[in-house]
Amino acid sequence: MTPSDQAQLLLRKAAQDMAVLNKLIDDREISDETLGYHAQQAAEKLIKALLALEGHPYPRSHNIGLLLDLLQSHGIPLPERFENVDALTPFGTVFRYDDLPLEDAPERHSWVALIQNIFEYVELAVGRCSEGG
């Protein structure tokens, strides 16, 4: 699979997590942990798509901070407005497997906007690469 193909696959998989997030965001029966998990998964796949696009391997890790560090070490820019995305990491790890209370009620709708903005950024990068520029 080419780097571009891998990035496109990850983009499609992130869109699936986004669809769940968008569909269930207003349903109060769905826990913050479950929605946070889908937000985390989408963010993880989007960051991995940027790494894949440049031909860089990435670990099988849910640690968004680690993935952001990899982007930086490879000189791949991610706008500063996305730097707080690593706050989603616990939803892919700790909150996914342990029954721990959230310290504060998260602003669920902020996840939708954040993930949508990152998606659009990555989609544009993948599109540029697919067009050869």
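In this text, all values refer to a predicted model and were calculated from it rather than measured experimentally. (Residues numbered from 1 in each chain as written. Predicted model: local features only at pLDDT ≥ 70, side-chain atom pairs only at ≥ 80, totals over all residues. Heavy atoms only, no water.)

Asker: Let's hear about the side chain of His38: which residues, and what values?
Answerer: Considering the arrangement of structural elements, one finds His38 in helix α2 (residues 32-53). According to the relative accessible area criterion, His38 is buried, its value standing at 17%. Separated by 2.9 Å, the side chains of His38 and Asp17 make a polar contact. Among residues more than four places away in sequence, those in contact with His38 are Asp17 and Val20. (Helix = DSSP H or I, 4+ residues; strand = E, 2+ residues; numbered from the N terminus. Buried < 20%, exposed > 50% of the residue type's maximum accessible area, 1.4 Å probe, protein only. Polar contact = N/O pair within 3.5 Å; in protein donor to acceptor, adjacent residues only side chain to side chain. Contact = heavy atoms within 4.5 Å.)

Asker: Give me the packing of aromatic side chains: which residues, what numbers.
Answerer: Enumeration over the complete set of coordinates arrives at two aromatic pairs. With a centroid separation of 5.9 Å and an interplanar angle of 70 degrees, the aromatic rings of Phe82 and Tyr121 are classed as edge-to-face. Taken together, the residues Phe82 in the loop between α3 (64-73) and α4 (89-92) and Tyr121 in helix α6 (residues 108-130) connect sequence positions 39 residues apart. For Tyr121, a relative accessible area of 22% gives the class partly exposed. Ring geometry for Phe91 and Trp111: centres 5.1 Å apart, planes at 70 degrees, overall edge-to-face. (Phe/Tyr/Trp six-rings, centres within 6.5 Å; stacked < 30°, edge-to-face > 60°.)

Asker: Describe the environment of Asp86, listing the residues and the values that go with them.
Answerer: If you trace the backbone, Asp86 turns up in the loop between α3 and α4. As for Asp86 and Asn63, which are separated by 23 residues in sequence, their C-alpha atoms are 7.6 Å apart. Those residues in contact with Asp86, other than ones at most four positions away along the chain, are Ile64, Gly65 and Leu68.

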